[in-house]
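# Analysis of the macromolecular model
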Amino acid sequence: MKRVVVGLSGGVDSSVAAYLLQKEGYEVIGLFMKNWHDTSVTISNECPWIEDSSDAMSVAETLNIPYQIIDLSIEYKERIVDYMFAEYQKGRTPNPDILCNREIKFDIFLKAAMQLNADYVATGHYCRKEIINLNGKKIFQLKAGLDKNKDQSYFLCQLNQEQLSKALFPIGNLEKSEVRKIATEVGLSTAEKKDSQGLCFIGKVKLPKFLQQQLKPKKGDIIEIDQEHPLFKANKEFNINNTSLEALQSLSQDYIYTPEVGEKIGEHNGAHYFTIGQRKGINVGGKVKPLFVIDTDTKTNTIYVGQGANHKGLFRPALKVPNKDIHWVRDDLRLNIEETLHVKSRIRYRQPLVQATLHQKKDAMYIIFEHDQRGIAPGQFVAWYLDDELLGSGIIS
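Residues numbered from 1 in each chain as written. Predicted model: local features only at pLDDT ≥ 70, side-chain atom pairs only at ≥ 80, totals over all residues. Heavy atoms only, no water.

The first and last C-alpha atoms of helix α1 (residues 12–24) sit 18 Å apart over 13 residues, in line with the 18 Å expected at 1.5 Å per residue. Of all 13 residues that make up α1, ten are buried, and the element is covered over most of its length. When we look at burial in α1, the residues that qualify are V12, D13, S14, S15, V16, A17, A18, Y19, L20 and L21. Looking at the buried side of α1, the elements it contacts are β1 (3–7), β2 (27–34), α2 (49–63), β4 (120–122), β7 (167–168) and α6 (176–186). Just downstream of α1, G25 is the residue with a positive phi angle, here 105 degrees. (Helix = DSSP H or I, 4+ residues; strand = E, 2+ residues; numbered from the N terminus. Expected span 1.5 Å × (residues − 1). Buried < 20%, exposed > 50% of the residue type's maximum accessible area, 1.4 Å probe, protein only. Contact = heavy atoms within 4.5 Å.)

Tracing the chain through its elements places E103 in helix α4 (residues 96–115). Apart from residues no more than four positions distant in its own chain, E103 is found in contact with R79, I80 and I108.

As a further point, take the layout of surface pockets. In this model, the second largest pocket occupies a volume close to 440 Å³. Taken together, 20 residues form the lining of the second largest pocket, with K90, D254, D295, T296 and D297 sitting closest to its centre. Residue classes in the lining of the second largest pocket are distributed as eight nonpolar, six polar and six charged. (1 Å grid on protein atoms, 1.4 Å probe; cavity = no way out; pocket = protein on both sides within 12 Å on 5 of 7 lines; lining within 4 Å. Points joined across faces, edges and corners; volume = space filled by probe spheres on them. Nonpolar A, V, L, I, M, F, W, Y, C, P; charged D, E, K, R; others polar.)

What follows covers the sheet that holds β1. One open sheet holds the five strands; their spatial order is β3-β2-β1-β4-β7, and the pairing between them is parallel. The strands lining the two open edges of the sheet, one partner per strand, are β3 (67–71) and β7. With three bridges joining them, β1 and β4 adopt parallel strand pairing. Counted as the bridge partner of V5 is V121 from β4. (Pairing = 2+ DSSP bridges.)

A few words on the pattern of salt bridges. Within this structure, the stated rule accounts for 31 salt bridges. One salt bridge in this structure joins K90 and E87, with 3.5 Å as the shortest N-O distance. A salt bridge links D151 to R346, with the shortest nitrogen-to-oxygen separation between them at 3.5 Å. With D151 in the loop between β6 (137–144) and α5 (161–165) and R346 in strand β14 (residues 340–346), this residue pair connects regions lying 195 residues apart in the sequence. Each member of the pair, D151 as well as R346, is classed as buried. Among the ionic contacts, a cluster of salt bridges with common partners joins D13, K150, K176, R180 and D195. (Salt bridge = Lys/Arg side-chain N within 4 Å of Asp/Glu carboxyl O.)

Once that is clear, we can look at the sheet that holds strand β9 (residues 263–268). Across a sheet, paired strands are connected by hydrogen bonds in the backbone, their directions being either parallel or antiparallel. The four strands lie next to each other as β9-β8-β11-β10, forming an open sheet whose pairing is mixed. Each edge of the open sheet is held by one strand with a lone partner, namely β9 and β10 (291–297). Neighbouring strand axes in the sheet, compared pairwise and without regard to direction, differ in orientation by 30 degrees on average. Here strand β8 (residues 220–224) runs beside β9; their pairing, made up of five bridges, is antiparallel. Its bridge partner being in β9, E224 is matched across the sheet by E263. (Axes fitted to C-alpha atoms, helices over the stretch in contact; angles between N-to-C directions.)

What follows is about empty space enclosed by the protein. Under the defined criterion, the tally for this structure stands at two cavities of 30 Å³ or more. Taken as a whole, the largest cavity holds about 100 Å³ of empty space. In this structure, the largest cavity is lined by 13 residues; those nearest its centre are D254, I276, I294, G313 and R316. Those elements giving two or more residues to the lining of the largest cavity turn out to be β10 and β12 (315–322).

Below is the structure:
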């Protein structure tokens, strides 16, 4: 009998994952990860770990499976929280959930499961794993969950073949409503529990307050940029069909703003608290349209804003991923220099997939989108797919 360790989070998805595996004949062990102790930055009691762990324990009791709590808070702080602070400090937008899967669930947690002599680890992610044989070699495919509203393959975009070989995703073929129905039928206490929001394992966090623990507030200027400014025409002179390195670099480049090209309209408490596309927290009134952050400069502590959700500064036709930040889930499909690949791509969770072309150059991979993309932010992850299979991902420069 194969042994599988399920990461029981106290939510309905992992609860049903454990039940389905047990029904399939696996020997199931429930393991709850405790990754966070500091409740001072979480909002009210949304997702406190004590409540979640007791829900997980109740599910384990219902299913009559062994249950343990594993404390990974030191590793979580080192690998996830410190990374978040460092990225925000540089004015970048991290995605802790993706890192959490790569560094915690499918690394430290996976190793802990292997010490329990497990054959696999399982999670309640809405995604699928399929196995194909290529030239006598097993290749593991990471595919989108069948529930298009809940597909979480994006969060797993940094996994490798070794990690996938040990992973099971029992609910990937189900719709969320079916998962809740099964939980109700089996009598699991988590059947009606709301989905958790916020940071992986921490819960809903007041982000500015969370960041202020290490990144101190400091006053800086808010500069408004008019969307008719000539600089928005400057770097779009290349034809989308021109794929020279110079053209790709130009298309994927950020607009370069300086205070002189705009007008000071207010002050903020720290550029590192803001991200591209953000609307909340600017706190400047009296404008015709709402203001959005179009860029931040943490060196000069300046944020640049524009009026309206369709301001030209929010849109870009392309992005760049440096070679060191390219990751292929399907290493066998990795592009060589000067190769291209037509894919579907997304730059954030739940964003509908869009047509794009990967261009592998000597220094980096450039991704050109069929239509300009809104709110491309350095530090975010871009993922690319063929049909419903996630092939790889990278960190936007």
